[in-house]
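Listed below are the residues making up each chain.
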Amino acid sequence: MAVRILTLVGSLRAGSHNRRLAEAAVQIAPEHVEVGLFEGLDAVPFYNEDIDAEGTVPAQAAKLRDAAKEADALLLVSPEYNGTIPAVLKNAIDWLSRPYGAGALSGKPVAVVGTAFGQYGGVWAQDEARKAVRIAGADVAEDLTLSIPGSVVRFADLHPVEDPEVTEKLGVVIEGLAARV
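The name an unreviewed UniProt entry assigns to the protein chain is FMN reductase, from the organism Lentzea guizhouensis.

Visitor: I tried to follow the packing of helix 1 (residues 17–28) against helix 6 (residues 164–179) on my own but got confused; where do I start?
Guide: Helix packing geometry: the angle between the two helix axes and the distance between the axes. Remark: helix 1 packs on helix 6, axes separated minimally by 10 Å, with the N-to-C direction vectors making an angle of 70°. As summarised for this structure, helix 1 and helix 6 are arranged roughly perpendicular, according to the angle between their axes. Residue-level inspection shows Leu21, Ala24, Ala25 and Ile28 of helix 1 in contact with helix 6, the latter providing Val166, Thr167, Leu170, Gly171 and Ile174. For the contact of helix 1 with helix 6, the class distribution of residues is seven nonpolar, two polar and no charged.

Visitor: Teacher, can you tell me more about the side chain of Asn18 here?
Guide: Tracing the chain through its elements places Asn18 in helix 1. A distance of 2.8 Å separates a polar atom in the side chain of Asn18 from the backbone oxygen of Thr115.

Visitor: Can you walk me through a nonpolar patch on the surface in this structure?
Guide: A contiguous nonpolar surface patch, about 330 Å² in accessible area, is contributed by Phe117, Val152 and Val153. Here Val153 is to be found in helix 5 (residues 151–154).

Visitor: Please explain the sheet that holds strand 1 (residues 3–9) as it appears in this structure.
Guide: One open sheet accounts for five strands, arranged 2-1-3-4-5; its pairing is parallel. The outermost strands of the open sheet, each flanked by one partner alone, are strand 2 (33–37) and strand 5 (139–148). Neighbour-to-neighbour, the strand axes of this sheet turn through a mean angle of 20°, independent of strand direction. Bridge count for strand 4 (residues 109–115) against strand 5 is six bridges, and the pairing is parallel. Within strand 5, the residue paired with Pro109 across the bridge is Asp139. Here helix 3 (residues 87–96) sits on the sheet and contacts strand 1 and strand 3 (73–77); the angle it forms with strand 3, its principal contact strand, is near 160°.

What counts as what
- Residues numbered from 1 in each chain as written.
- Predicted model: local features only at pLDDT ≥ 70, side-chain atom pairs only at ≥ 80, totals over all residues.
- Heavy atoms only, no water.
- Axes fitted to C-alpha atoms, helices over the stretch in contact; angles between N-to-C directions.
- Helix = DSSP H or I, 4+ residues; strand = E, 2+ residues; numbered from the N terminus.
- Parallel < 35°, antiparallel > 145°, perpendicular 65-115°, else oblique.
- Contact = heavy atoms within 4.5 Å.
- Nonpolar A, V, L, I, M, F, W, Y, C, P; charged D, E, K, R; others polar.
- Polar contact = N/O pair within 3.5 Å; in protein donor to acceptor, adjacent residues only side chain to side chain.
- Patch = residues over 30% accessible without salt bridge, like charges linked within 9 Å, V, L, I, M, F, W, Y side chains within 5 Å.
- Areas by Shrake-Rupley, 256 points an atom, 1.4 Å probe, with all protein chains shown as cover.
- Salt bridge = Lys/Arg side-chain N within 4 Å of Asp/Glu carboxyl O.
- Pairing = 2+ DSSP bridges.

Below, the structure is given as structure tokens:
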């Protein structure tokens, strides 16, 4: 049976470099690993404890929770917005962290990767994402990282799946995450 890795992308833009990086993960996954992209983070309402009660959880938030529960591990792909994690990704983590102590992230292996225009490749946002999922109860794979700088230039005419350095390093992250399951 294949290891199932759910991928959440912190950018909503259809042509984003981080979305393309997530697509590359799907394409290069080895036979024993199934990498899937969660679609619809933009439809998950902002976390609000008033609507997080049995029978009132919004459908898209419930869909996100179910997808995370069914996955063996998660891969977060984060751009960097103003030096930190995008709101859509933080919101997903908030929904997955509840109920406290028993959320869909509890004990689940998680790795964070990403690309950004700056010279550090979005490492601040990725560090913030790791911190948030760790607090939410995930088993953060601190050694499985990939920060790709200069995304606008590097991926101007090249999809990440066509970049041998990126696919090699992304492959190491996927294999390492699968091995933690």
